[in-house]
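So the chains spell out like this:
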Amino acid sequence: MIDSHCHLTHAKFADDADAAIARAAEAGVTACVTIGTGVPDAIRARDLALRHAGVVFATAGLDPFSSHAAGDAFDPAFDALARLLTDGAFVALGEIGLDYHYDLDPRPVQAERFERQLDLALRLNLPVVIHVREAHDDMAAILKAHPRSRGVIHSFTGGPTEAERYLAIGWHIAFNGVVTFKNADELRAATRVVPSDRILVETDSPYLAPNPKRGTRCEPAFVAHTLLALAELRGEDPAALEARTTTNARTLFGLDRRPSAEESS
């Protein structure tokens with residue numbers, strides 16, 4: 001299994017990130033993609049990935065839901081991000097997107113800043129990790145207007161209609177522990193419309209622990225619970241779904257093309 005989206009540099013992993021990575025390996029997780037939200041966090045993600053070369057992979061982006069890149073802070077952060085991404089240590093740009101729940105910036109400003117990062121990813125030939133909350137209509141319209149962009153809608157929580165819109169324009173969709181929640185009927189229905197070559201699994205740890213771990217700090221090892229739930233929902237053999245999602249993540253993020261620790265040093 002590959003946990004295609006986690007936050008191993010979060011403060012909740014300050015004391016045991018290495019141990020969490022080891023527990024993930026014991027649970028059958030062969031790789032984790034840790035997400036850099038902001039330049040300082042992305043640098044920490046890169047350093048963690050270098051310590052666990054071939055197992056942990058890093059991304060870098062300016063997310064729309066925290067203050068580090070809101071308002072006047074965005075332009076200098078964007079310039080720093082563009083410089084950071086040129087070192088070749090990152091497997092994707094993200095997470096980036098639209099967040100209409102917190103609305104830290106006006107929505108037109110969010111869209112413009114999101115599109116600037118989409119264009120940067122294209123210039124660098126990187127896939128994109130998308131965050132979208134309460135903004136599916138605008139997100140689908142922007143992605144449709146950027147047909148050369150590629151990547152994944154992470155922590156997908158929409159229904160079949162939203163899933164089909166993203167699939168129609170070529171995007172992958174990642175599911176996490178929310179599929180195990182009792183009130184997620186529309187989301188569970190969406191899991192059945194995603195073709196096998198476009199589905200990923202993730203934890204978004206330390207958030208959104210799946211049942212039966214709900215109420216605890218989520219960590220990459222818990223992706224096994226999400227994968228089993230997805231297999232049941234889709235009527236698939238868990239081993240086959242595990243192999244398929246692993247191949248999808250490795251292909252999308254180019255994980256098999258990443259340098260070893262010795263080559264990176």
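Structural notes, computed from the coordinates. The model shown is predicted, which means the values in this text are computed figures rather than measured ones. (Residues numbered from 1 in each chain as written. Predicted model: local features only at pLDDT ≥ 70, side-chain atom pairs only at ≥ 80, totals over all residues. Heavy atoms only, no water.)

**Observations concerning the pattern of salt bridges**
Thought 1: In this structure the tally under the stated criterion is 16 salt bridges.
Thought 2: For Glu 112, the salt bridge identified is with Arg 116, shortest N-O distance 4.0 Å. In this pair, Glu 112 and Arg 116 both sit in helix 4 (residues 107-124), four residues apart, roughly one turn of the helix.
Thought 3: Two residues, Arg 250 and Asp 256, come together in a salt bridge whose shortest N-O distance is 3.1 Å.
Thought 4: Take Asp 256: its relative accessible area is 61%, and that puts it in the exposed class.
Thought 5: Look at the salt bridges and you will find they share partners, linking Asp 16, Arg 23, Arg 217 and Glu 219 into a network. (Salt bridge = Lys/Arg side-chain N within 4 Å of Asp/Glu carboxyl O. Helix = DSSP H or I, 4+ residues; strand = E, 2+ residues; numbered from the N terminus. Buried < 20%, exposed > 50% of the residue type's maximum accessible area, 1.4 Å probe, protein only.)

**A look at the packing of helix 5 (residues 136-144) against helix 6 (residues 160-168)**
Thought 1: Across the interface, helix 5 lies against helix 6 with an axial gap of 10 Å and an inter-helix angle of 10°. Between helix 5 and helix 6, the angle falls in the class roughly parallel. Judged by residue contacts, His 136, Asp 137, Met 139, Ala 140 and Leu 143 of helix 5 engage Glu 162, Arg 165 and Tyr 166 from helix 6.
Thought 2: Class assignment for the residues of the contact of helix 5 with helix 6 results in four nonpolar, one polar and three charged. (Axes fitted to C-alpha atoms, helices over the stretch in contact; angles between N-to-C directions. Parallel < 35°, antiparallel > 145°, perpendicular 65-115°, else oblique. Contact = heavy atoms within 4.5 Å. Nonpolar A, V, L, I, M, F, W, Y, C, P; charged D, E, K, R; others polar.)

**As for the nonpolar core**
Thought 1: Counting 71 residues, the largest nonpolar core has Phe 114, Ile 130, Leu 143, Phe 156, Tyr 166 and Phe 175 as the members making the most contacts within it.
Thought 2: If we skip the residues at most four places from it in the chain, Phe 114 touches Ile 96, Gly 97, Leu 98, Ile 130, Met 139, Ile 142 and Leu 143.
Thought 3: If you look at the next biggest cluster of nonpolar residues, it comprises 15 residues, including Ala 31, Val 129, Val 152 and Leu 200. (Core = buried A, V, L, I, M, F, W, Y, C linked by side-chain atoms within 4.5 Å.)

**Details of the layout of surface pockets**
Thought 1: Approximately 580 Å³ is the volume attributed to the largest pocket.
Thought 2: Taken together, 21 residues form the lining of the largest pocket, with Phe 65, Glu 95, His 131, His 154 and Asp 204 sitting closest to its centre.
Thought 3: Mapped by element, the contributors of at least two residues to the lining of the largest pocket are helix 2 (39-51), strand 4 (90-99) and strand 5 (128-133).
Thought 4: If one sorts the elements of the lining of the largest pocket by residue count, strand 5 sits on top with three residues.
Thought 5: Tallied by class, the residues present in the lining of the largest pocket amount to five nonpolar, nine polar and seven charged. (1 Å grid on protein atoms, 1.4 Å probe; cavity = no way out; pocket = protein on both sides within 12 Å on 5 of 7 lines; lining within 4 Å. Points joined across faces, edges and corners; volume = space filled by probe spheres on them.)

**Focus on empty space enclosed by the protein**
Thought 1: Enumeration according to the criterion identifies one cavity of 30 Å³ or more in this entry.
Thought 2: Looking at the largest cavity, its volume works out to about 130 Å³.
Thought 3: Looking at the largest cavity, it is lined by 15 residues, and the ones nearest its centre are Leu 62, Asp 63, Pro 64, Asp 105 and Arg 113.
Thought 4: Per element, the largest residue contribution to the lining of the largest cavity is four residues, and it comes from helix 4.
Thought 5: Each residue belonging to the lining of the largest cavity can be placed in one class, and the counts come to eight nonpolar, four polar and three charged.

Nothing here speaks to function; it is geometry throughout.
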